[in-house]
Amino acid sequence: MRTAAETEVRRPSAVRALTTLLAVTAAATVVVEVLNWWYAPEQGFGLAVRTGWAMLRSFGFLLLIGHVRRGRTVARPFGLILAVTTVFAVGQLIVPRQGVPPLPGVLGFALLTALCIAVVWLLYRSPALADHLVRHRPRLVIDRSGISWRGTPPSRPEASAWLLTSRVAAFTYGPLMLVPALVASAATLDGRLLAVPAALFWLGAGIAATYLVLFCTAFLMRGRRWAGTLLIVVTAAVLAVDLPLCWWLLGVDGLVRDGAPLVAAAVLVVYGIRRAARTAPVAG
């Protein structure tokens with residue numbers, strides 16, 4: 001039976017390098033957000049919500065470290081989505097409504113962007129990591145030897161990397177809708193009471209999108225072609241609801257800050273589904 005020390009020795013150097021890089025990226029995310037909050041000319045509720053959402057990425061990077069150390073196949077798509085959304089989430093806070101961003105914030109954002117690029121490059125370009133990230137998530141297994149909790153291949157056909165990427169990207173729809181909806185809810189209390197029903201509808205749409213994505217991706221991972229089509233329809237509906245409400249309740253600034261990350265996630269979802277259909281068509 002392998003000991004923890006033996007398992008650590010057998011990990012390739014690329015894994016150790018990536019885990020160190022992820023830890024540095026998690027710390028950099030917190031530092032950049034603190035700098036941005038310190039230099040921000042307006043420290044209102046909207047900035048607090050967006051800052052909190054951006055800082056949650058630091059926990060995401062720590063979770064990704066666990067996936068990498070355990071060699072999980074989900075590490076690649078999870079790392080890609082986390083890196084992309086982190087750049088958007090932090091970038092939208094660096095630029096103020098008026099004037100130019102402070103130099104410390106710009107330098108911190110540049111450093112964080114470089115770290116995220118390095119994370120994605122290692123995940124997708126390192127042969128050692130490609131050989132390491134092959135383990136499946138653990139499941140409860142009952143066999144002749146008894147009951148155990150271990151990583152086993154799924155009984156269904158293994159999903160392609162593009163489908164996994166689409167699945168992870170789609171899971172961001174709910175949070176990416178709820179964050180600006182919360183910001184808009186606070187704005188409506190400052191005198192725009194006529195917009196309260198729209199803000200509440202926005203919150204409900206974000207929650208509904210979360211459950212619809214969960215339903216679609218459950219069947220998408222089981223190789224159902226219609227689930228991919230339905231997820232694209234859900235993606236179009238999410239954009240049709242979120243982008244106009246961003247523009248109406250938060251203005252052009254909100255459309256750019258909160259709409260752009262959702263558009264990026266939607267592009268990844270649709271592109272991943274299309275690529276998976278071309279390379280390995282799923283069952284109808």
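Residues numbered from 1 in each chain as written. Predicted model: local features only at pLDDT ≥ 70, side-chain atom pairs only at ≥ 80, totals over all residues. Heavy atoms only, no water.

### Digging into the overall build of the chain
- Broken down by element type, the chain carries ten helices and two strands.
- Counting from the amino terminus, helix and strand elements in the chain follow one another as α-α-α-α-α-α-β-β-α-α-α-α.
- In the chain, buried positions account for 43% of the 284 residues.
- Within the chain, residue pairs in contact and separated by at least 24 positions form 71% of the contacts whose partners lie at least 6 positions apart.
- Carbon and sulfur atoms make up 69% of the accessible area of the chain, which totals about 14900 Å². (Helix = DSSP H or I, 4+ residues; strand = E, 2+ residues; numbered from the N terminus. Buried < 20%, exposed > 50% of the residue type's maximum accessible area, 1.4 Å probe, protein only. Contact = heavy atoms within 4.5 Å. Areas by Shrake-Rupley, 256 points an atom, 1.4 Å probe, with all protein chains shown as cover.)

### Some points on the side chain of His67
- On the secondary structure map, His67 appears in helix α3 (residues 45-69).
- By relative accessible area, which is 18% here, His67 ends up buried.
- Among residues more than four places away in sequence, those in contact with His67 are Arg72, Val74, Ala75, Phe78 and Leu133.

### As for the environment of Val84
- Position of Val84 among the secondary structure elements: in helix α4 (residues 75-94).
- Residues Val84 and Thr113 lie 29 residues apart in sequence; the distance between their C-alpha atoms is 9.0 Å.

### So, the nonpolar core
- Counting 65 residues, the largest nonpolar core has Leu18, Leu22, Tyr173, Trp202 and Leu231 as its most contacted members.
- Looking at this core, the element that brings in the most residues is helix α10 (residues 225-279), giving 15 residues.
- Residues contacting Trp202, with those up to four places away along its chain left out, are Met177, Pro180, Ala181, Ala184, Asp242, Leu245, Cys246, Leu249 and Leu250. (Core = buried A, V, L, I, M, F, W, Y, C linked by side-chain atoms within 4.5 Å.)

### Observations regarding helix α5 (residues 103-125)
- Taking 1.5 Å of rise per residue, the 23 residues of α5 would be expected to cover 33 Å, and the 32 Å separating its terminal C-alpha atoms lies within 8% of that figure.
- Residues of α5 that are buried include every one of Gly105, Gly108, Leu112, Thr113, Leu115, Cys116, Val119, Leu122 and Leu123, and no others. (Expected span 1.5 Å × (residues − 1).)

### Here's the deal with the environment of Met177
- Relative to the helices and strands, Met177 resides in helix α8 (residues 173-188).
- A residue is classified by how much of its surface remains accessible, and Met177, at 1% relative accessible area, is buried.
- Distance in space between the C-alpha atoms of Met177 and Asp258 is 8.1 Å, their sequence separation being 81 residues.
- Ignoring any residue separated from it by four or fewer positions in sequence, one finds Met177 in contact with Trp202, Ala205, Gly206, Ala209, Val238, Val241, Asp242 and Leu262.

### Points about the packing of aromatic side chains
- Under the definition given, this model contains four aromatic pairs.
- Both rings, one in Trp162 and one in Tyr271, keep their centres 5.1 Å apart while their planes meet at 85°; by these two values the pair is edge-to-face. With Trp162 in helix α7 (residues 161-170) and Tyr271 in helix α10, this pair connects stretches of sequence that are 109 residues apart.
- Under the relative-accessibility criterion, Tyr271 is labelled partly exposed at 38%.
- The interplanar angle of 45° and the centroid separation of 5.1 Å between the aromatic rings of Phe219 and Trp226 together place this pair among those described as tilted.
- Members of the aromatic cluster, joined through ring pairs, are Phe215, Phe219 and Trp226.
- One residue, Arg76, lies across the ring of Tyr124, its end atom 5.5 Å from the ring centre. (Phe/Tyr/Trp six-rings, centres within 6.5 Å; stacked < 30°, edge-to-face > 60°. Lys NZ or Arg CZ within 6 Å of the ring centre and 35° of its normal.)

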